[in-house]
Amino acid sequence: MPLSLAELGELFDHLDETLEQEGCDHSPRITQLFLSQKGLDPDQVLPWLKEQGGYCDCEILANVEEGWESEIGKNT
Ligand SMILES: [Zn+2]
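Residues numbered from 1 in each chain as written. Predicted model: local features only at pLDDT ≥ 70, side-chain atom pairs only at ≥ 80, totals over all residues. Heavy atoms only, no water.

(A) Region of the structure containing the pattern of salt bridges. All chains considered together, the criterion is met by 4 salt bridges. For Arg29, the salt bridge goes to Glu22, with nearest N and O atoms at 3.1 Å. One salt bridge connects Asp25 with Arg29, and the closest N-O pair in it is separated by 3.2 Å. The class of Asp25 is partly exposed, set by a relative accessible area of 42%. Overlapping salt bridges, with partners in common, bring together Glu22, Asp25 and Arg29 in one network. (Salt bridge = Lys/Arg side-chain N within 4 Å of Asp/Glu carboxyl O. Buried < 20%, exposed > 50% of the residue type's maximum accessible area, 1.4 Å probe, protein only.)

(B) Up close: the coordination of the zinc ion. Distances from the zinc ion to its protein donors, Cys24 (SG), Cys56 (SG) and Cys58 (SG), fall at 2.2 to 2.3 Å. All donors of the zinc ion come from a single chain, and their spacing in sequence reads C-x31-C-x1-C. Pair noted here: Cys24 is in the loop between α1 (5-22) and α2 (29-37) and Cys56 is in the loop between α3 (42-51) and α4 (57-75), with a separation of 32 residues, a long-range link. Cys24 gets classed as partly exposed once you look at its relative accessible area, which sits at 23%. (Donors = N, O, S within 2.8 Å, 3.2 Å for Na, K, Ca; no water. Helix = DSSP H or I, 4+ residues; strand = E, 2+ residues; numbered from the N terminus.)

(C) Looking closely at unusual backbone geometry. Located in the positive-phi region is His26, a residue other than glycine, with phi close to 65 degrees. For His26, the location among the structural elements is in the loop between α1 and α2. You can call His26 exposed: its relative accessible area is 64%.

(D) Quick look at α1. Taking 1.5 Å as the rise per residue, α1 with 18 residues should run 26 Å; its terminal C-alpha atoms sit 25 Å apart, in good agreement. Every buried residue of α1 is listed here: Leu5, Leu8, Gly9, Leu11, Phe12, Leu15, Thr18 and Leu19. Residues of α1 that are buried sit in contact with α2, α3 and α4. Positive phi appears at Gly23, one or two residues downstream of α1, with a value of about 75 degrees. (Expected span 1.5 Å × (residues − 1). Contact = heavy atoms within 4.5 Å.)

(E) A look at the environment of Leu15. In this fold, Leu15 is placed in helix α1. Separated by 37 residues in sequence, Leu15 and Gln52 place their C-alpha atoms 16 Å apart.

As structure tokens, then:
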């Protein structure tokens, strides 16, 4: 995977907070910004998220978080 479990956990927390305030505009805008700020390459991470059904910010939270929640809980 192109980012660590800790980083993935931070991304989900960030999406959770930001989507509540700003909502989803059906693009991975918030995710992309977060990755850039973290020094991660969106060109590597976004395709990986898409493979798991995360095509926009709300889908990343809804479809991708589910599969990683317990893994993140165990390891961070
Ligand atoms: Zn969305």
